[in-house]
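The chain contents come next:
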Amino acid sequence: MRTFIYFLITAAFVYGCASTQNDKQMGSSDPAATANDTVRIANDSLEYEIIIIEPGFNTFLNSIARPEGYYSQSYLENKNQFLVIEYNQRVQQPFRFDPNLYPQQIDYNSQIDYGYEVNYKLYNYFVYFSRQYNQRFGVPTRI
């Protein structure tokens, strides 16, 4: 599980830096767009913590994504299971898929009940990721 956490932190950091540089090069400097873009999910009893630092993800979560409770937990778990498998396969194919987009595998065990919040935010991260970086998965990521 800690691998999953490190993955999200690393991915968010890499993409966050690249996105910020691209915005500055284009002349866009909206500090409100990148403020408060850290999403933290923690559960001490299960000993996991997920931190997503991705410019624009928090805004996406609050404005575009379906509200919490829209999807059932079983629906989100199902989607996440398939999305994580496909994502991890892309990590293992650096010549076919951009290693900057897929730097590290996600450690997601479908036998563990992560709860609704984790599954909701993980699924919405995949939705955001596919929209932001124009990536298409075998399992549709819709909002």
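Above this text you will find the structure in question.
Residues numbered from 1 in each chain as written. Predicted model: local features only at pLDDT ≥ 70, side-chain atom pairs only at ≥ 80, totals over all residues. Heavy atoms only, no water.

Engineer: What is the right way to look at the overall build of the protein in this model?
Structural biologist: When you go through the protein residue by residue, the secondary structure sums to 5 helices and 2 strands. When burial is assessed residue by residue, the protein has 43% of its 143 residues classed as buried. A separation threshold of at least 6 residues defines the contact pool for the protein, and within that pool the share at least 24 residues apart is 68%. Total accessible area on the protein stands at roughly 8200 Å², and carbon and sulfur atoms take up 48% of it. (Helix = DSSP H or I, 4+ residues; strand = E, 2+ residues; numbered from the N terminus. Buried < 20%, exposed > 50% of the residue type's maximum accessible area, 1.4 Å probe, protein only. Contact = heavy atoms within 4.5 Å. Areas by Shrake-Rupley, 256 points an atom, 1.4 Å probe, with all protein chains shown as cover.)

Engineer: How should the pattern of salt bridges be read in this particular structure?
Structural biologist: Opposite charge on two side chains permits pairing when their charged atoms draw close. The full count for this structure, using the stated rule, is 2 salt bridges. Residues Arg-90 and Glu-86 are paired through a salt bridge, measuring 2.9 Å at the closest nitrogen-oxygen approach. With Arg-90 and Glu-86 both in helix H4 (residues 73–91), this residue pair falls 4 residues apart, about one helical turn. Glu-86 carries the same exposure label as Arg-90, and that label is buried. Across the pair Lys-121 and Glu-117 runs a salt bridge, and its minimum N-O distance is 3.2 Å. Pair noted here: Lys-121 and Glu-117 are both in helix H5 (residues 116–132), with a separation of 4 residues, about one helical turn. (Salt bridge = Lys/Arg side-chain N within 4 Å of Asp/Glu carboxyl O.)

Engineer: What's the story with H5 in this structure? I'm lost.
Structural biologist: Each turn of an α-helix holds 3.6 residues, which means side chains three or four residues apart point in the same direction. Compared with an ideal rise of 1.5 Å per residue, which puts 17 residues at 24 Å, H5 spans 24 Å between its outermost C-alpha atoms and is within 8% of the ideal. Across the 17 residues of H5, 14 count as buried, placing the element largely inside the fold. (Expected span 1.5 Å × (residues − 1).)

Engineer: What should I look at first to understand H4 in this one?
Structural biologist: Here H4 is 19 residues long and its end C-alpha atoms lie 26 Å apart, about the 27 Å a rise of 1.5 Å per residue gives. Looking at H4, one finds that the buried residues are Leu-76, Lys-79, Asn-80, Leu-83, Val-84, Glu-86, Tyr-87, Asn-88, Arg-90 and Val-91.

Engineer: It is not clear to me how the nonpolar core should be interpreted in this structure. Could you clarify?
Structural biologist: Soluble globular proteins tend to pack their nonpolar side chains together in the buried interior. Core analysis: the biggest nonpolar cluster contains 32 residues, and Phe-57, Tyr-87, Tyr-102, Phe-126, Phe-129 and Phe-137 have the highest contact counts within it. For this core, the elements supplying multiple residues, two or more each, are strand S2 (48–53), helix H3 (57–63), H4 and H5. Apart from residues no more than four positions distant in its own chain, Phe-129 is found in contact with Tyr-87, Leu-101, Tyr-102, Asn-134, Gln-135 and Phe-137. (Core = buried A, V, L, I, M, F, W, Y, C linked by side-chain atoms within 4.5 Å.)

Engineer: Is there a simple way to explain the packing of H4 against H5 in this structure?
Structural biologist: How two helices sit against one another is set out by the angle between their axes and by the gap between those axes. Between H4 and H5, the least distance of the axes is 9 Å, while the angle of their chain directions is 50°. As the angle between them shows, H4 and H5 are arranged oblique. Once H4 is placed against H5, the crossing between them reads as left-handed. The residues of H5 that touch H4, namely those facing Gln-73, Tyr-75, Leu-76, Glu-77, Lys-79, Asn-80, Leu-83, Val-84 and Tyr-87, are Tyr-116, Asn-119, Tyr-120, Leu-122, Tyr-123, Phe-126 and Phe-129. Among the residues forming the contact of H4 with H5, the class breakdown is 11 nonpolar, 3 polar and 2 charged. (Axes fitted to C-alpha atoms, helices over the stretch in contact; angles between N-to-C directions. Parallel < 35°, antiparallel > 145°, perpendicular 65-115°, else oblique. Left-handed = near helix turned anticlockwise from the far one by under 90°. Nonpolar A, V, L, I, M, F, W, Y, C, P; charged D, E, K, R; others polar.)

Engineer: Quick question: what am I supposed to make of the side chain of Asn-124 here?
Structural biologist: Its location among the elements puts Asn-124 in helix H5. With relative accessibility at 0%, the residue Asn-124 sits in the buried group. At 3.0 Å, the side chain of Asn-124 forms a polar contact with the backbone oxygen of Tyr-120. Ignoring sequence-local partners within four residues, the contact set of Asn-124 consists of Phe-57, Phe-60, Leu-61, Ala-65 and Ile-143. (Polar contact = N/O pair within 3.5 Å; in protein donor to acceptor, adjacent residues only side chain to side chain.)

Engineer: Could you clarify how one ought to interpret unusual backbone geometry in this entry?
Structural biologist: The phi dihedral of Asn-134 falls on the positive side, at around 50°, and the residue is not glycine. Assignment of secondary structure puts Asn-134 in the segment after H5. By relative accessible area, Asn-134 is classed as exposed at 56%.

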